[in-house]
Amino acid sequence: MSDKSYLDWPFLEDHHRELAGLLDAWTEKEIKPFEDDEEDVNALSKKFVRMLGEAGFLQYSVPAEYGGAHKSLDVRSLCICRETLARTTGLADFAFAMQGLGSGAISLFGTSELKAEYLPKVLTGEAIPAFALTEPDAGSDAGNLSSTAVEDGDDYILNGTKTFISNAGIADFYCMFVRTSDEGARGLTCFVLDADTPGFELVESLNVIAPHPLGTIRMTNCRVPKSKMLGKVGEGFKVAMSNLDIFRSTVGAASLGFARRALDEAIARTKERHVFGQPLSGFQFTQGKLADMATEIDASALLIYRAAWTRDCVADRVTREAAMAKMYATEAAQVVIDHAVQLFGGMGVLVGTPVERLYREIRAMRIYEGTTDVQKIVIATQLLK
Ligand code: COS
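The rules behind each value
- Residues numbered from 1 in each chain as written.
- Predicted model: local features only at pLDDT ≥ 70, side-chain atom pairs only at ≥ 80, totals over all residues.
- Heavy atoms only, no water.
- Helix = DSSP H or I, 4+ residues; strand = E, 2+ residues; numbered from the N terminus.
- Rg over C-alpha atoms; globule rule 2.2 N^0.38 Å.
- Contact = heavy atoms within 4.5 Å.
- Areas by Shrake-Rupley, 256 points an atom, 1.4 Å probe, with all protein chains shown as cover.
- Axes fitted to C-alpha atoms, helices over the stretch in contact; angles between N-to-C directions.
- Nonpolar A, V, L, I, M, F, W, Y, C, P; charged D, E, K, R; others polar.
- Phe/Tyr/Trp six-rings, centres within 6.5 Å; stacked < 30°, edge-to-face > 60°.
- Buried < 20%, exposed > 50% of the residue type's maximum accessible area, 1.4 Å probe, protein only.
- Domains from an automatic or database assignment.
- Buried area = accessible area lost by both parts, 1.4 Å probe.
- Salt bridge = Lys/Arg side-chain N within 4 Å of Asp/Glu carboxyl O.
- Polar contact = N/O pair within 3.5 Å; in protein donor to acceptor, adjacent residues only side chain to side chain.
- Near = heavy atom within 4 Å.
- Pairing = 2+ DSSP bridges.
- Expected span 1.5 Å × (residues − 1).
- Bend = angle between axes of the 7 residues up to and from the residue.
- Core = buried A, V, L, I, M, F, W, Y, C linked by side-chain atoms within 4.5 Å.

(A) Structural context of the overall build of the protein. Each helix and strand in the protein was counted, giving ten helices and ten strands. Since a compact globule built from 385 residues should have a radius of gyration of about 21 Å, the 21 Å found for the protein is in line with a globular shape. Expressed as a percentage of contacts within the protein between residues at least 6 apart in sequence, the contacts between residues at least 24 apart total 74%. Put simply, the protein shows about 16300 Å² of open surface, and 53% of that area lies on carbon and sulfur atoms.

(B) Structural context of the packing of helix α3 (residues 75–88) against helix α7 (residues 284–314). The interhelical angle for the contact between α3 and α7, taken along N-to-C directions, is 145°, at an axis separation of 8 Å. For the pair formed by α3 and α7, the contact residues are Val-75, Arg-76, Cys-79, Ile-80 and Glu-83 on the first element and Ile-304, Tyr-305, Ala-308, Trp-309, Arg-311, Asp-312 and Cys-313 on the second. Here the contact of α3 with α7 is built from residues that sort into eight nonpolar, no polar and four charged.

(C) Fine view of the packing of aromatic side chains. In the structure shown here, the tally under the stated rule is ten aromatic pairs. With a centroid separation of 6.5 Å and an interplanar angle of 80°, the aromatic rings of Phe-276 and Phe-283 are classed as edge-to-face. The class of Phe-276 is exposed, set by a relative accessible area of 81%. Looking at Phe-283, the relative accessible area reads 23%, which means it is partly exposed. Among the aromatic residues, those joined into a ring-pair cluster are Tyr-6, Trp-9 and Tyr-305.

(D) Local environment of the domain arrangement of the protein. On domain assignment, one finds that the protein holds domain 1 (5–127), domain 2 (130–234) and domain 3 (237–384). Inter-centroid distance (C-alpha atoms) of domain 1 to domain 2 is 24 Å. Residue-level contacts link 21 residues of domain 1 with 18 residues of domain 2. Summing both sides of the interface, domain 1 and domain 2 together bury roughly 1700 Å²; the carbon and sulfur share of this comes to 72%. Broken down residue by residue, the surface that domain 1 buries against domain 2 is led by Phe-94, Leu-114 and Tyr-118, which jointly contribute 28%. Scanning the region where domain 1 abuts domain 2 turns up one salt bridge. Glu-117 is the partner of Lys-228 in a salt bridge, and the nearest nitrogen-oxygen pair spans 3.3 Å. Taken together, the connections running from domain 1 to domain 2 amount to four residue pairs in polar contact (both at pLDDT 80 or more). Elements with a contribution of two residues or more to the side of domain 1 that touches domain 2: α2 (41–55), α4 (90–109) and α5 (112–124). At nine residues, α4 tops the list of elements feeding residues into the side of domain 1 that touches domain 2. Class assignment of the residues belonging to the side of domain 1 that touches domain 2 gives a composition of twelve nonpolar, five polar and four charged.

(E) Structural detail: the site of the ligand. Close to the ligand lie 21 residues; Ser-140, Arg-186, Asp-245, Arg-248 and Lys-385 are nearest. Here Ser-140 contributes a backbone N or O atom positioned 3.0 Å from a nitrogen atom of the ligand. Starting from 970 Å² of accessible surface for the ligand in isolation, the protein chains cover 72%. Mapped by element, the contributors of at least two residues to the shell around the ligand are α6 (236–272) and α10 (372–384). By residue number, the principal contributor to the shell around the ligand is α6, which donates six residues. Of the residues in the shell around the ligand, the class split is eight nonpolar, six polar and seven charged. Two domains each put at least three residues into the shell around the ligand: domain 2 (130–234) and domain 3 (237–384).

(F) Just the pairing of strand β4 (residues 173–179), in detail. In terms of burial, β4 is largely enclosed, as seven of its seven residues are buried. Where burial is concerned, the two faces of β4 agree: the one with Phe-173, Cys-175, Phe-177 and Arg-179 and the one with Tyr-174, Met-176 and Val-178 are both buried. In this sheet, β4 lies alongside strand β1 (residues 129–132) in parallel orientation, the contact comprising four bridges. Of the residues in β4, the one forming a bridge with Phe-131 is Cys-175.

(G) Molecular detail of the pattern of salt bridges. Taken as a whole and judged by the stated rule, the model has 27 salt bridges. The shortest N-O distance in the salt bridge between Glu-35 and Arg-357 comes to 3.6 Å. Pair noted here: Glu-35 is in the loop between α1 (14–31) and α2 and Arg-357 is in helix α9 (residues 354–365), with a separation of 322 residues, a long-range link. Across the pair Arg-76 and Asp-74 runs a salt bridge whose closest N-O atoms are separated by 3.6 Å. By relative accessible area, which is 7% here, Asp-74 ends up buried.

(H) Quick peek at α6. The end-to-end C-alpha distance of α6, which contains 37 residues, comes to 54 Å, matching closely the 54 Å that a straight helix rising 1.5 Å per residue would cover. Of all the bends in α6, the greatest, near 35°, is centred on Asp-245. Burial within α6 is extensive, with 28 of its 37 residues counted as buried.

(I) Quick look at the nonpolar core. The biggest cluster of nonpolar side chains holds 112 residues, and the ones touching the most others in it are Leu-158, Tyr-174, Met-176 and Tyr-305. A per-element tally of this core places α6 first, with 14 residues. Excluding its chain neighbours within four sequence positions, the residues that come into contact with Met-176 are Ala-132, Leu-158, Lys-162, Thr-189, Cys-190, Phe-191, Leu-193, Phe-200, Ile-217 and Met-219. Grouped together as the second largest cluster of nonpolar side chains are five residues, Ala-323, Met-327, Val-374 and Val-378 included.

This is the structure in structure tokens:
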């Protein structure tokens, strides 16, 4: 059983503690039976979205005016949900996270009409959203993307290709970032594009080491009304980065969930495994590893809940704090999980064991929503301003 003492930290309130307990019990009962299932991730992810919606946990993905639990997105609740789900399965965490990240641009920048049209369906799990920023030639350098939107009367005509898009193929709508002028990062604009818009297509699904719904999509002369714009013309980069400022801390939280699970598994294994006449846990080499793992976990949690609390209670702009939390927690979790694999020996690389799954799950976290290298640039940019 994971250490829960962090729930008493002053960053959290009683309703967070209550949520952690409720979701933990629900996950154990409802999600755990699917822990090893990697067969049809698109179908399973959709199922998880429905289940999370029916159980009421998607109320953390939208603001209160549209059925959510809090006036605005509460980052501490999002972190608790991701950390709790990730301890059991990365796919359930993914399904939860994408409801918030995919619709975050609407929650933050949408008109009241757009919020009323999309957010209630995100809350119930009836609609699946996606965040479409990355392109074949613009990943880390997101401000350099080349998909276009050209004004045509009351509409814009969108063209271009996006890749590594989570929920590609199963999403009902996409918050789509496109270029409306040549002014670099200041020339981007965001639109909501419905998946059934003529000219929109899934090009291919992408299969990655920890499978989840992911793919490449293409827009060919997709007509979108101006009323579906999020923010103003030229504000697309700001819309994307403000969204990431909220969700980057939660990527850290999911990694923290993976790391906590790895430590739990390692403690149980080293107590029960006997070598040279005593439990593995009796050796100081083992104890040193366990101590390092626990310390990295607490350090990550402190940075994550500091960033989340700052966003919820102190400041709108948490670019530095969120980048630090994401960078530290994802890198630390990779090391923690690697230690767990080593302590398991041969069993640690056997396909289907929990630590083997965690080893695959954690790798992408150091890349998506901004690589560790991008987080360093973001932090340094803030320091040097
Ligand atoms: N929140 C709100 N607005 C932001 C923002 C944030 N976190 N980051 C940038 N912006 C705004 C800037 O303030 C600027 O707006 P103004 O013209 O009104 O000042 C606009 O977006 C363009 O940003 P610019 O690139 O000029 O920003 P900076 O000089 O502040 O930052 C870096 C430079 C490299 C740090 C920035 O381009 C960046 O964050 N790049 C990383 C992109 C990224 O995360 N890639 C991975 C995507 S993973 S899906």
